[in-house]
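# Per-entry structural report
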Protein chains: 2
Amino acid sequence: MKLTGKNFIGSERSGSGKTFQAENPATCAVLSPEFFEATPAEINAAVEKASVAFQEYRDKTGIQKADFLEAIGEQIVALGAELIQRCTEETGLPEARIIGERGRTVGQLKLFAQLLREGSWVDARIDTADPARLPLPKPDVRSMLRPLGPVGIFGASNFPLAFSVAGGDTVSALAAGCTVVFKAHPAHPGTCELVANAIVEAVKISGMPDGTFSMVYGKSIEAGQFLVRHPLIKAIGFTGSYVGGKSIFDEANKRAEPIPVFAEMGSTNPVFILPEALSQRGEQISSELAASITQGVGQFCTNPGLVLVEESEGSTAFKKRIKNVFGDITSGVMLTHGMQENFSRGVERLQKVEGVRVLATGKNAGDGYQGIPSLLETTANTFLNEHTLEEEVFGPSSLIITAAKREDLMAVANKLSGHLTVTLHATENDLKEFSSLVSVLEQKAGRLIINGYPTGVEVCHSMVHGGPFPATSDSRSTSVGTRAITRFARPVCYQGFPQWLLPAELQDSNPNKISRLVNGNLQRD
Amino acid sequence: MKLTGKNFIGSERSGSGKTFQAENPATCAVLSPEFFEATPAEINAAVEKASVAFQEYRDKTGIQKADFLEAIGEQIVALGAELIQRCTEETGLPEARIIGERGRTVGQLKLFAQLLREGSWVDARIDTADPARLPLPKPDVRSMLRPLGPVGIFGASNFPLAFSVAGGDTVSALAAGCTVVFKAHPAHPGTCELVANAIVEAVKISGMPDGTFSMVYGKSIEAGQFLVRHPLIKAIGFTGSYVGGKSIFDEANKRAEPIPVFAEMGSTNPVFILPEALSQRGEQISSELAASITQGVGQFCTNPGLVLVEESEGSTAFKKRIKNVFGDITSGVMLTHGMQENFSRGVERLQKVEGVRVLATGKNAGDGYQGIPSLLETTANTFLNEHTLEEEVFGPSSLIITAAKREDLMAVANKLSGHLTVTLHATENDLKEFSSLVSVLEQKAGRLIINGYPTGVEVCHSMVHGGPFPATSDSRSTSVGTRAITRFARPVCYQGFPQWLLPAELQDSNPNKISRLVNGNLQRD
């Protein structure tokens, strides 16, 4: 497929004026073609088309939307080797990773299609009338979740497929019945074009209205701002940095009509290694943890950036071991030049903090924008006095914090702000001894992991990829897993409606055979 | 019980310095005692106590919390005639209404207690492990809703029991497992003290930690601001005016850690009367609608403030009839002097708009802060050109809008911003003919009512008392009905946890016998 570099106003293509190009981070080579930054007029056209399309798309049945999502998956697979090649060129990620990520992306589409076919996600509730009730008759009241409207979605750079054009945010919005205007991440515009083509093709094949999906390019902050400020946009999904996410959140709240923003802004994902686990499994943990820190050049939102241990013989041995392991790890190509620069600056910032020292540095593997693994260490006291040590450094680095006393470990736990994940390595004895620690940590994260690693986010019904601020702008949801759909829907209540005018999900006959709460009892036909 | 006028720092009472007093709006008499405005130190003490109490309260079982909520109800009933008398004195509302509202408040506590005893509200989800899965083993992942933390709640003046101290916001927060610092509405401080005493007594009886509930007084905006800005407060519930709610929403978003705000800010609740219904039932509708507009001196968030008709013989007859009915309605005492002044100013503001004229005015019944019913009329064209006509005038008034053409009626519908409710009076033929209108209106409100009236909000599982901005600050929830509990909870995910460390709701044995989504299938033991 010949890339055109043009924006998608639904199925129409548009582009003129200012352009930018992608770069291969492994070779620093500039990649063709030129991509056209969307003008305000183009973004406006996309949003208006999304708004018109919404009037039709919102009433598509679950089965129609499920077919559509599956068609997107098929069209993505049909892109074949071209997608894999362009994506590896634009991201420097290895082919096997991109193939795996494509599988995850298609799997995610299928999971939401299943959710829609099953249909109970709408949280249907029925309270039947009682005309004889005193002092007042009881009306017939029914409610279910309905889509919010056209949604603006900002793609991430670190998952060019799974958190990008057809990623979790787009899929959950489309599944909810919202139309989408997607702001492509400028780091992989060709990948974006290929996938957007797949979606637009699926729109046609599935008979969805033109404008159900649009995609605009933009390197400047203005394109994104214009999208967030547009009065017809009713919600925002974002995955990326704290600075980016927070500015979108603020912008959305400054609107005449504020709109909900679900921004996943990353975190440092503390890992607590408790004493008995450290003494029994220290060696194994040191290897596995080093791998988790440096896997994918550390470019995961769930990368373990803080490691906490209590001072002991075990902790000394652990640090010695992980230092050795870490020193042997070679660097890898980061996604963009900017990301590599930010990473280097971030590591430097940490190093400059008094009381922080470098424990180990990986090996420089050579060409392109290499991220060199960096392991730092400090004390709980230093951490407690320097809040910037909790800020994310995106890339293959981590900070080991040693607590001289158990109280210091608890103090660190209490001081933590919100994270996507918190991990504990612990034996049963550890968990019993540190039960108050577990209770504190439960208040700090969206996901708690015992004896595992935070990297690797399972796409399933129970996943929570979220967490208290600043991990996200709204802890009450998730951007991975089927619960993500609720971000883009609101309950609508129908009182005194005749059967024929009710949505199918609320009709007495329950044509879709979904689970419903009828007069307070969960029922399934 | 002797009223002290002091703030509740958990079970401790505190007050000194600045005071204010309640006023009987029916007699303009100042009521004893003096109430002490909370100082920042007192609010801080209440929040810190709520934060400490949260560490224990969050782990109370559903049954323990249910017992607690029911104990609150019993303590409120035990206040007997004293509560009813003080409440009527402070609000000017008739005794029968207050007794009814007490019933609703106690019923609401019982409904949430039922929800907690049943237990499935936590949305438990389990995805079991598959160590043999390729390329990577599948971890054991489970999640459920957990409470956000201490919540600040602002009471409304118009429901001195059902939306006040032990009202829907407090109850849903306590049910979720959050502790509460309640900001009493200064219009009924004695009622607040009595009910707060009942809650504090229930805290003791039920063995809940001291600080589970606190209540602070404040007439100034600063007390509320201090509460919203406090770093230990994790969410806000509010019911009241747009100005009050929006300023709290903005304040909460300006925090270093923004927190969710559910502000119910009222609306004008448009009522569309379609042609056939108008011609068949115009007389009945005119009487019922006049009653709905003036019931409770119009002091309901769901008061019908806009009435839309298409110009016809039927509409002319309807306006003539409702004019006659309305002219015979007598005024009633409004809740406060300020409210009466705002109402008068609001009606004046509407009257001054060119193209708006007074259709009917009710009769002045005499003493106290009387709200005189006021019915205005205008054309769709005037409405379309003057956006302030959609703003709420809190009290017994409504604006009848006549559309010269059907397109104008559709234009009005399309132009509407968010409302709590939209009502349609329609025959089956009307509904078929106006299907596109129904589709538009579904996007404008939290609740759609056919052939009923928006006043009278049923407390049940399916109720949605919410709606798009500016009706609320977050359309994705409700402040009435059991779904309100989700405002104060977030999903927490447990990966690789041993059974004994999991919350009961997520253990394999399902000790509470709740409904759970297990590997994507809804199961109930």
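Residues numbered from 1 in each chain as written. Chains lettered and ligands numbered in written order. Predicted model: local features only at pLDDT ≥ 70, side-chain atom pairs only at ≥ 80, totals over all residues. Heavy atoms only, no water.

## Some details on the domain arrangement of chain A
Residues and elements named next belong to chain A.
- Assigned domains within chain A: domain 1 (7-265 + 477-487) and domain 2 (270-450).
- For domain 1 versus domain 2, the separation of C-alpha centres amounts to 33 Å.
- Domain 1 puts 15 residues into the contact, and the matching count from domain 2 is 15 residues.
- Summed over both sides, the interface between domain 1 and domain 2 buries roughly 1200 Å², with carbon and sulfur atoms accounting for 62% of that surface.
- Together, P25, N158 and E264 form the three largest contributors to the area buried by domain 1 at its contact with domain 2, with a combined 37%.
- Classifying every residue of the side of domain 1 that touches domain 2 by side-chain character gives 7 nonpolar, 4 polar and 4 charged. (Domains from an automatic or database assignment. Contact = heavy atoms within 4.5 Å. Buried area = accessible area lost by both parts, 1.4 Å probe. Nonpolar A, V, L, I, M, F, W, Y, C, P; charged D, E, K, R; others polar.)

## Topic: the interface of chain B and chain A
- Of the residues lining the interface, 73 residues belong to chain B; the matching set on chain A comes to 73 residues.
- Taking both partners together, chain B and chain A bury about 5900 Å²; carbon and sulfur atoms supply 53% of that area.
- The three residues of chain B that bury the most area against chain A are R476, R483 and R490 of chain B, which together make up 12% of that side's buried surface.
- For the pair chain B and chain A, the number of links is 10 salt bridges.
- In this structure, the salt-bridge partner of D474 of chain A is R476 of chain B, at a minimum N-O distance of 3.4 Å.
- Our count for the contact surface shared by chain B and chain A stands at 44 residue pairs in polar contact (both at pLDDT 80 or more).
- Top element by residues in the side of chain B that touches chain A is strand β21 (residues 489-495) of chain B. It accounts for 7 residues.
- Its residues assigned to classes, the side of chain B that touches chain A shows 32 nonpolar, 17 polar and 24 charged.
- Across 3 bridges, strand β21 (residues 489-495) of chain A lies against strand β20 (residues 445-450) of chain B in parallel orientation. Bridging across to β20 of chain B, Q495 of chain A finds its partner in I449 of chain B. (Salt bridge = Lys/Arg side-chain N within 4 Å of Asp/Glu carboxyl O. Polar contact = N/O pair within 3.5 Å; in protein donor to acceptor, adjacent residues only side chain to side chain. Helix = DSSP H or I, 4+ residues; strand = E, 2+ residues; numbered from the N terminus. Pairing = 2+ DSSP bridges.)

## Here's the deal with unusual backbone geometry
- With an omega of 0 degrees, the peptide bond between L134 of chain A and P135 of chain A qualifies as cis.
- Looking at the element boundaries, P135 of chain A is found in the loop between β5 (125-127) and β6 (141-147).
- Cis geometry marks the peptide bond from F469 of chain A to P470 of chain A, where omega comes out at 10 degrees.
- Looking at where P470 of chain A falls in the secondary structure, it is placed in the loop between β20 (445-450) and β21.
- Even without being glycine, N451 of chain A reaches a positive phi, approximately 55 degrees.
- Mapped onto the elements of the fold, N451 of chain A is located in the loop between β20 and β21.
- According to the relative accessible area criterion, N451 of chain A is partly exposed, its value standing at 36%.
- You will see that N519 of chain B, though not glycine, has its phi angle at about 50 degrees, which is positive.
- Along the polypeptide, N519 of chain B turns up in the loop between β22 (515-518) and β23 (521-524). (Buried < 20%, exposed > 50% of the residue type's maximum accessible area, 1.4 Å probe, protein only.)

## Overview of the pairing of strand β7 (residues 151-154) of chain B
Residues and elements named next belong to chain B.
- Going residue by residue along β7, you find V151 and I153 tucked away on one face and G152 and F154 tucked away on the opposite face as well.
- Where β7 lies against strand β8 (residues 180-183), 4 bridges are found, and the strand directions are parallel. Within β8, the residue paired with I153 across the bridge is F182.
- Crossover β7 to β8 through helix α5 (residues 168-176) is right-handed.
- The pairing of β7 with strand β10 (residues 235-239) spans 4 bridges and is parallel. Across the sheet, the residue bridging to G152 is I236, located in β10. (Right-handed = clockwise from strand over helix to strand, strands pointing away.)

## Notes on helix α11 (residues 337-352) of chain A
Residue and element names in this part refer to chain A.
- Between its first and last C-alpha, α11 extends 23 Å over 16 residues, near the 22 Å set by a 1.5 Å rise per residue.
- For α11, the set of buried residues is M339, Q340, F343, G346, V347 and L350. The buried residues of α11 occupy an angular sector of 125 degrees when the element is viewed end-on, so they sit on one face. Opposite the packed face of α11, turned more than 90 degrees from it, sit the exposed residues R345 and K352. (Expected span 1.5 Å × (residues − 1). Arc of directions from axis to C-beta.)

## Quick notes on the environment of D67 of chain B
Residue and element names in this part refer to chain B.
- Position of D67 among the secondary structure elements: in helix α2 (residues 62-78).
- A relative accessible area of 38% places D67 in the partly exposed class.
- Sequence-wise, D67 and A113 are 46 residues apart; in three dimensions their C-alpha atoms are separated by 7.1 Å.
- Once residues within four sequence positions are removed from consideration, D67 is found in contact with R117 and S206.

## Thoughts on the sheet that holds β6 of chain A
- Strand order in the open sheet made by the 12 strands is β23(A)-β22(A)-β5(A)-β6(A)-β21(A)-β20(B)-β19(B)-β12(B)-β13(B)-β18(B)-β17(B)-β15(B), with mixed pairing throughout. At either margin of the open sheet sits one strand with a lone partner, and together these are β23 (521-524) of chain A together with β15 (357-361) of chain B. Averaged over all neighbouring strand pairs, the angle between strand axes comes to 25 degrees, with direction disregarded.
- Relative to strand β17 (residues 374-379) of chain B, β15 of chain B runs antiparallel, the two sharing 4 bridges. Bridge assignment links R357 of chain B to a residue of β17 of chain B, and that residue is E377 of chain B. (Axes fitted to C-alpha atoms, helices over the stretch in contact; angles between N-to-C directions.)

## Some remarks on the pattern of salt bridges
- Scanning the model with the defined rule gives 64 salt bridges over all chains in all.
- Of the charged contacts, one joins R146 of chain A and D59 of chain A as a salt bridge, the two residues approaching to 2.9 Å between their closest N and O atoms. With R146 of chain A in strand β6 and D59 of chain A in the loop between α1 (40-57) and α2 (62-78), this pair connects stretches of sequence that are 87 residues apart.
- The shortest N-O distance in the salt bridge between R117 of chain B and E70 of chain B comes to 2.7 Å. Residue R117 of chain B is located in helix α4 (residues 95-118), and its partner E70 of chain B is located in helix α2; the two are separated by 47 residues in the primary sequence.
- Judged by relative accessible area, R117 of chain B falls into the partly exposed class, the value being 36%.
- Through salt bridges with shared partners, a single network forms among R58, D59 and R146 of chain A together with E442 of chain B.

## Topic: the relation of the copies chain B and chain A
- Structural alignment of chain B on chain A gives an RMSD of 0.0 Å, achieved by rotating through 180 degrees and translating 0.0 Å along the axis. In short, the pair behaves as if placed about a two-fold rotation axis. The position closest to the rotation axis in chain B is occupied by the C-alpha of N253 of chain B, lying 3.8 Å away.
- Comparing contact sets, 100% of the residues at the interface of chain B also lie at the interface in chain A, consistent with an isologous, same-surface contact. (Least-squares fit on C-alpha atoms with pLDDT ≥ 70 in both.)

## Some thoughts on the packing of aromatic side chains
- Following the criterion strictly, the structure yields 18 aromatic pairs over all chains and no others.
- When the centroid spacing of 5.6 Å and the interplanar angle of 45 degrees are considered together, the rings of F159 of chain A and F300 of chain A count as tilted. Taken together, the residues span a long stretch of sequence, with F159 of chain A in the loop between β7 (151-154) and α5 (168-176) and F300 of chain A in the loop between α9 (275-294) and β13 (306-310) at a distance of 141 residues.
- According to the relative accessible area criterion, F300 of chain A is buried, its value standing at 10%.
- A cation sits over an aromatic face here: R13 of chain A above F8 of chain A, 3.6 Å from the ring centre.
- Here the guanidinium or amino end of R97 of chain B rests over the ring plane of F159 of chain B, the centre of that ring lying 4.8 Å away. (Phe/Tyr/Trp six-rings, centres within 6.5 Å; stacked < 30°, edge-to-face > 60°. Lys NZ or Arg CZ within 6 Å of the ring centre and 35° of its normal.)

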